[in-house]
Amino acid sequence: MAQQQEFQVIILAGGTGSRMYPLTEEIPKYLLPVANRPLITYQLELLEKAGFQDVIIITTESNNNSKTSMDLRRYVAEVKGKLTVTFEIVEPDIGTAQALAKIRRKLRHDFMVISGDLIVEEHFLHGMADMHRSRDAAVTVLLRKEVIAPETVQAKKKDDATSNEGDFIGLFEDDRIVLFAAVADLDDTLDVNKSVLKRYPNVTLHSDLVDAHFYIFSRWVLDCLEKYDGITSIKGEFIPFLVKLQKRKKLARGGNPPSNTSSLVSKMTSTRKHESDSLGCFAYIVDEGYCQRVNTIHSYMQANAKLSTGKLKYLPWEHPGKNNFIHETAQIEPQTAVGPECIVGQSTIIGSKSSVKKKLHRKTL
């Protein structure tokens with residue numbers, strides 16, 4: 001497929017899921033059931049539907065998590081479908097940017113990086129790819145608007161792990177990223193360099209946009225990781241580094257990044273506002289559709305509730321009923337009512353005179 005030839009794909013699946021404990025005590029984070037199907041299957045389905053044939057999954061292995069790593073590899077081998085999946089094992093304490101640097105020789109083209117806990121609809125992938133091509137971008141970042149309901153605010157107050165989540169993102173009028181900072185990485189103030197405001201006078205600062213951890217990179221940016229080996233994290237260090245690099249006419253290596261301006265798309269689309277811009281970092285913003293990271297217990301509950309409705313393009317694997325999903329091997333006794341938005345899994349037995357409402361019932365893994 002054309003897309004597969006143009007972009008390589010990496011799924012980051014090295015996290016231990018410490019923020020989802022105790023759910024991850026026995027089951028690896030990427031095998032946790034969301035709408036009764038393992039989390040990793042949503043990324044695999046996304047890529048297969050989009051026409052990709054190959055994917056690299058980066059994971060870790062140590063004395064403490066060797067079993068969970070093996071469980072993940074064994075499961076993916078069973079459900080990968082038409083995809084050819086290659087696992088790359090890195091050290092457990094390595095950063096996400098360092099993981100990319102470790103496998104850089106296997107990356108021959110522009111590449112996508114997707115967090116293994118992200119569930120996102122396919123049209124965002126195509127929209128990001130179109131933007132990346134037309135803007136001749138160094139990096140294209142998927143951002144989603146954070147709509148905070150009252151119950152979400154209360155849940156975050158109770159959960160210290162999510163209390164400092166969020167991002168400050170400054171966008172120029174062409175969706176160019178000129179400021180990128182995570183709330184967790186800031187002290188009490190957010191400093192903006194005068195040169196940024198002079199160069200980009202019409203900047204909108206957003207606190208309602210959240211990094212979805214889905215990126216498209218140009219292949220040449222890996223040279224930066226090789227030269228600046230102190231960069232460890234994609235979000236915390238590498239993206240801000242590339243954003244700041246936009247101000248320079250040339251890279252520190254002394255050369256300009258490769259340009260695709262001779263391509264048909266670039267001839268048709270002119271997006272650079274400054275002739276001296278040697279690279280561009282752009283934001284693709286989620287407008288309508290589903291985009292959710294499953295990285296806390298609260299987000300895990302949200303994802304299960306949403307995906308159990310059967311109203312999204314991702315569906316449970318159980319047999320669909322009128323408004324629920326029931327596996328063909330499940331035994332439901334007479335005078336039992338299974339309500340809407342319920343999933344009854346394989347080999348589940350529900351006794352007579354029971355009422356099931358908005359629940360997941362599954363056998364133990």
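Calculation notes
Residues numbered from 1 in each chain as written. Predicted model: local features only at pLDDT ≥ 70, side-chain atom pairs only at ≥ 80, totals over all residues. Heavy atoms only, no water. Helix = DSSP H or I, 4+ residues; strand = E, 2+ residues; numbered from the N terminus. Areas by Shrake-Rupley, 256 points an atom, 1.4 Å probe, with all protein chains shown as cover. Polar contact = N/O pair within 3.5 Å; in protein donor to acceptor, adjacent residues only side chain to side chain. Contact = heavy atoms within 4.5 Å. Pairing = 2+ DSSP bridges. Axes fitted to C-alpha atoms, helices over the stretch in contact; angles between N-to-C directions. Buried < 20%, exposed > 50% of the residue type's maximum accessible area, 1.4 Å probe, protein only. Arc of directions from axis to C-beta. Phe/Tyr/Trp six-rings, centres within 6.5 Å; stacked < 30°, edge-to-face > 60°. Lys NZ or Arg CZ within 6 Å of the ring centre and 35° of its normal. Patch = residues over 30% accessible without salt bridge, like charges linked within 9 Å, V, L, I, M, F, W, Y side chains within 5 Å. Salt bridge = Lys/Arg side-chain N within 4 Å of Asp/Glu carboxyl O. pLDDT = per-residue confidence, 0-100.

## Some points on the overall build of the chain
Then, number 1: Broken down by element type, the chain carries eleven helices and 22 strands.
Then, number 2: Of the roughly 18600 Å² of accessible surface on the chain, 49% is carried by carbon and sulfur atoms.

## Concerning the side chain of arginine 293
Then, number 1: By the element assignment, arginine 293 lies in strand S14 (residues 291–293).
Then, number 2: At 2.9 Å, the side chain of arginine 293 forms a polar contact with the side chain of aspartate 117.
Then, number 3: Once residues lying within four places of it in the same chain are set aside, the contact partners of arginine 293 are Ser115, Asp117, Leu118, Ala212, His213 and Ser299.

## Quick notes on the sheet that holds strand S11 (residues 204–206)
Then, number 1: One open sheet holds the three strands; their spatial order is S10-S9-S11, and the pairing between them is antiparallel. In this open sheet, the two strands that pair with only one neighbour each are strand S10 (177–182) and S11. Shown here is a sheet whose adjacent strand axes are inclined to one another by a mean of 10 degrees, direction ignored.
Then, number 2: For strand S9 (residues 167–171) and S11, the ladder comprises three bridges, and the chain directions are antiparallel. The residue of S11 that forms the bridge with isoleucine 169 is histidine 206.

## Some thoughts on helix H11 (residues 297–307)
Then, number 1: Every buried residue belonging to H11 is among Ser299, Tyr300, Ala303, Asn304 and Leu307, and all of these are buried. Along the long axis of H11, the arc covered by the buried residues comes to 140 degrees, so they all point the same way.

## Here's the deal with helix H9 (residues 234–245)
Then, number 1: Most of H9 is tucked away: nine of the twelve residues are buried.
Then, number 2: Buried within H9 we find Ile234, Lys235, Phe238, Ile239, Pro240, Phe241, Leu242, Val243 and Leu245.

## Quick notes on the sheet that holds strand S1 (residues 7–12)
Then, number 1: In spatial order, the strands read S5-S4-S1-S6-S12-S8-S13; together these seven strands make up an open sheet with mixed pairing. Looking at the sheet topology across the chains shown, the edges are occupied by strand S5 (84–90) and strand S13 (281–286). With direction set aside, neighbouring strand axes in the sheet form an average angle of 30 degrees.
Then, number 2: Taken together, the six bridges between strand S8 (residues 139–145) and S13 define a ladder with parallel strand orientation. Residue pairing across strands places arginine 144 opposite valine 286, the latter belonging to S13.
Then, number 3: Contacting S1, strand S6 (110–115), S8, strand S12 (209–217) and S13, helix H5 (residues 122–135) runs over the sheet at an angle of about 155 degrees to S13.

## Here we look at the packing of aromatic side chains
For any pair of aromatic rings, geometry is given as the distance between the ring centres together with the angle between the planes.
Then, number 1: Inspection of every chain in the model, using the stated rule, returns six aromatic pairs.
Then, number 2: A network of ring pairs unites the aromatic residues Phe111, Tyr215, Phe217 and Phe238 as a single cluster.
Then, number 3: A cation over a ring is seen here: arginine 37 above tyrosine 42, with NZ or CZ 4.1 Å from the ring centre.

## Here we look at a nonpolar patch on the surface
Then, number 1: Where nonpolar side chains cluster on the molecular surface, the patch consists of Leu23, Ile297 and Met301 and spans about 240 Å² of accessible area.
Then, number 2: Turning to its location among the elements, isoleucine 297 is positioned in helix H11.
Then, number 3: Take isoleucine 297: its relative accessible area is 31%, and that puts it in the partly exposed class.

## Examining the confidence of the model for the chain
Then, number 1: Looking at the chain as a whole, its pLDDT mean stands at 81, while 80% of the residues score no less than 70.
Then, number 2: Within the chain, S6 carries the highest mean pLDDT (97), whereas helix H10 (residues 264–268) carries the lowest (33).
Then, number 3: Note that pLDDT drops below 50 for residues 249–277; the model gives that stretch 52 contacts with residues more than four away or on any other chain.

## Details of the pattern of salt bridges
Then, number 1: Scanning the entire structure with this criterion turns up 13 salt bridges.
Then, number 2: Across the salt bridge formed by lysine 102 and glutamate 91, the nearest N and O atoms sit 3.4 Å from each other. Of the two residues, lysine 102 is situated in helix H4 (residues 96–102) and glutamate 91 in the loop between S5 and H4; the sequence distance between them amounts to eleven residues.
Then, number 3: Owing to a relative accessible area of 37%, glutamate 91 belongs among the partly exposed residues under this scheme.

## Remarks on the environment of phenylalanine 241
Then, number 1: Examined against the element boundaries, phenylalanine 241 turns out to sit in helix H9.
Then, number 2: In this structure phenylalanine 241 comes out as buried when scored by relative accessible area, which is 17%.
Then, number 3: In the structure, phenylalanine 241 is positioned ten residues away from isoleucine 231 in sequence and 8.7 Å away in space, judged by C-alpha atoms.
Then, number 4: The residues touching phenylalanine 241, leaving out its near neighbours within four places in the chain, are Cys224, Tyr228 and Ile231.

## Side note on the side chain of asparagine 36
Then, number 1: Mapped onto the secondary structure, asparagine 36 falls in the loop between strand S2 (33–34) and strand S3 (37–38).
Then, number 2: Side chain to side chain, asparagine 36 and glutamate 318 meet in a polar contact 2.6 Å long.

## Some remarks on the pairing of S8
Then, number 1: Here S8 lies mainly inside the structure; six of its seven residues are buried.
Then, number 2: Across six bridges, the pairing between S8 and S12 is antiparallel. Residue pairing across strands places threonine 140 opposite isoleucine 216, the latter belonging to S12.

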